[in-house]
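Commentary on secondary and tertiary structure
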Amino acid sequence: MDSVVLNSKREFSLVRRHPWIFSGAIQRVLGGPQPGETVQVLSDDGDIMGMGAYSPSSQIRIRMWHFGDLPVTTDFIVNRIGQAIGSRAYYFADGGTNAFRLVNAEADGFPGLVVDKYADWLVCQFSAAGAEYWKQTVVDALNRFLPDCKGIYERSDVDSRAHEGLEPKVGVLSGEEPPDRIEIIEYGCRYFVDVKNGHKTGFYLDQRENRQLIKRYSNGAEVLNAFSYTGGFGIAAMSAGAASVTHVDLSEPALVLARENTVLNECCATKSEFVNGNVFSVLRQFRAEERKFDFIVLDPPKFADSKGSLMRAARGYKDINLLGMQLLRPGGMIATFSCSGLMTPDLFHKVVSDAAVDAGKDFQVVARLSQSQDHPEGLSFPEGLYLKGLLLRVLG
Ligand code: SAH
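Residues numbered from 1 in each chain as written. Predicted model: local features only at pLDDT ≥ 70, side-chain atom pairs only at ≥ 80, totals over all residues. Heavy atoms only, no water.

Things to note about the sheet that holds strand β3 (residues 26–30)
Rules: For two strands to be treated as a pair, DSSP must find no fewer than two bridges joining them. Helix numbers and strand numbers start at the N terminus; a helix is a DSSP run of H or I with at least 4 residues, a strand a run of E with at least 2. Fitted lines through C-alpha atoms serve as axes, helices being fitted only where they are in contact, and the angles separating the N-to-C directions of these axes extend from 0 to 180 degrees.
A sheet is described by the order of its strands in space; here 6 strands give the open sequence β2-β6-β5-β4-β1-β3, paired in mixed fashion. The sheet is open, and its two borders are formed by β2 (20–22) and β3, each paired with just one other strand. Pairs of neighbouring strands in the sheet enclose a mean axial angle of 35°, with direction left out of account. Where strand β1 (residues 3–6) and strand β4 (residues 38–42) come together, 3 bridges link them in parallel fashion.

If you want it as structure tokens, here you go:
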């Protein structure tokens, strides 16, 4: 087997079981490993430190499969998939929810692979050379563990594939092509998901528990669902008896689905409004009109994708949080989020509290929020925690 010898000064993170080896940590490569092939990782002293997938064009040159000396075989890959699926037994048993993540990359010991289940369909994203190399084995394993699934679709159209020397790929991997709308159910709310054209694999499954949580506070509330995507939080609030929901998003196709999802769930007298626009300007306009809301959701896209853009991103977060706080009625609540991995929970907390200072209001933190439990974070892989949020209530 091909192997890679590390610089003695750069072995530390691997000893700490961090799964990434950067190019600068490599002293030499023995043999000629091809993209995605397994290499044995050796310390400067010649000890075996583990096995990883080699990716010659990526700065993350190796992603670890494990920290032992066993080879990585088809059985190993199948077992990793089986273990990930088995650990979601709770979600399979929950009849009120049929869309959840089955494999969450590094946290499930499968770097570069995401598999999401939407009712009878599976959607996969292969974002690293190692995962790409084992694609057919993954598809076979998914069919074996979930024989009733109607089809497996690939949404490997993520920018990060370019760093791995991989082209974007989208299409059917197995079975039938998914319909344009897959209907899913999440804690009793129904949503249409467009897995072929939607964001990520189609739906923000990582926000499931937070959508459920806000139902507690939605009865009778006038709700502003900023960065609504296909309705998510607003539909949840409506199902819990919100008086009105105002969805705001830049994406017209997302709002088309938000309208369809509203009809799908229409149950009570909630008034729904759909605003196609930029949240930054729409919220300013609402402020000028002196509009007020009882519950505001701020769930923007990733503002920071590099360390260099972090300060600009922080200003963006502060700006929308300040606007949201100014639109809140006394006693009202805000659920505010950041999905930028570079924005740490501490920094996010500081940015939001800076906004409160500028708004001249006092808030209590009702809950600290995170990604749902089908999106676990590896204990030695803090990069896996990206979604953070605060549920705040303003004091009168
Ligand atoms: N809360 C949603 C997910 C939000 S994803 C859910 O639970 O499903 C972020 C959304 O913000 C995307 O739909 C994107 O189209 C939208 N968006 C990005 N920038 C925006 C902006 N400046 N103004 C309005 N919407 C924006």
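Re the site of the ligand
Our working rule: Residues are classed as near a molecule or strand on a simple rule: at least one heavy atom within 4 Å of it. Here a polar contact is taken to be a pair of N or O atoms separated by no more than 3.5 Å, where protein atoms must pair a possible hydrogen donor with a possible acceptor and residues adjacent in sequence count only if both atoms sit in side chains. Surface accessibility follows the Shrake-Rupley procedure with a 1.4 Å probe radius. Residue values consider only the protein chains on display as shielding.
In the vicinity of the ligand there are 16 residues, among which Arg 211, Asp 249, Asn 278, Val 279 and Asp 299 approach most closely. Between the ligand and the protein, one listed contact pairs an oxygen atom with a side-chain N or O atom of Asp 249 at 2.7 Å. In the environment of the ligand, a nitrogen atom lies 2.6 Å from a nitrogen or oxygen atom belonging to the side chain of Asp 299. Taken by itself the ligand offers 590 Å² of open surface, and the protein chains cover 91% of this.

With respect to the domain arrangement of the protein
Accessible area lost when the parts come together is the quantity often used to give the size of an interface. So the rule is basically this: Note that domain bounds follow an automatic or database assignment of domains. We call two residues contacting when some pair of their heavy atoms lies within 4.5 Å. Throughout, the accessible surface (probe 1.4 Å) given up by two parts as they are put together, summed over both, is called the buried area. Note that Gly is not counted as nonpolar here; it falls among the polar residues with everything else outside the nonpolar set of Ala, Val, Leu, Ile, Met, Phe, Trp, Tyr, Cys and Pro and the charged set of Asp, Glu, Lys and Arg.
We note that the domain assignment places domain 1 (3–66), domain 2 (74–175) and domain 3 (204–394) within the protein. With 12 residues of domain 2 at the contact, the number on the domain 3 side is 10 residues. When domain 2 packs against domain 3, the two sides together hide about 850 Å² of surface, and 60% of this comes from carbon and sulfur. On the domain 2 side of the interface with domain 3, the three residues burying the most area are Tyr 91, Arg 101 and Ala 107, jointly 46% of the side's total. Between domain 2 and domain 3 we count 6 residue pairs in polar contact (both at pLDDT 80 or more) in total. At the level of secondary structure, the elements contributing two or more residues to the side of domain 2 that touches domain 3 comprise β7 (99–104) and β8 (113–118). For the side of domain 2 that touches domain 3, a count of residues per class yields 5 nonpolar, 2 polar and 5 charged.

Some remarks on the packing of helix α2 (residues 74–86) against helix α5 (residues 135–145)
Put simply, the rule is: Roughly parallel here means an angle under 35 degrees, roughly antiparallel means over 145, roughly perpendicular means 65 to 115, and every remaining angle is called oblique. Here a crossing is called left-handed whenever its near helix is offset anticlockwise from the far helix by less than a right angle, and right-handed whenever the offset is clockwise.
Two elements in contact, α2 and α5, have axes separated by 9 Å at closest approach and are oriented at 45°. One finds that α2 runs oblique with respect to α5. Where α2 crosses over α5, the handedness of that crossing is right-handed. Contacts from Thr 74, Ile 77, Val 78, Ile 81, Gly 82 and Ile 85 of α2 reach α5 at Thr 137, Val 138, Ala 141, Leu 142, Arg 144 and Phe 145. Its residues assigned to classes, the contact of α2 with α5 shows 8 nonpolar, 3 polar and 1 charged.

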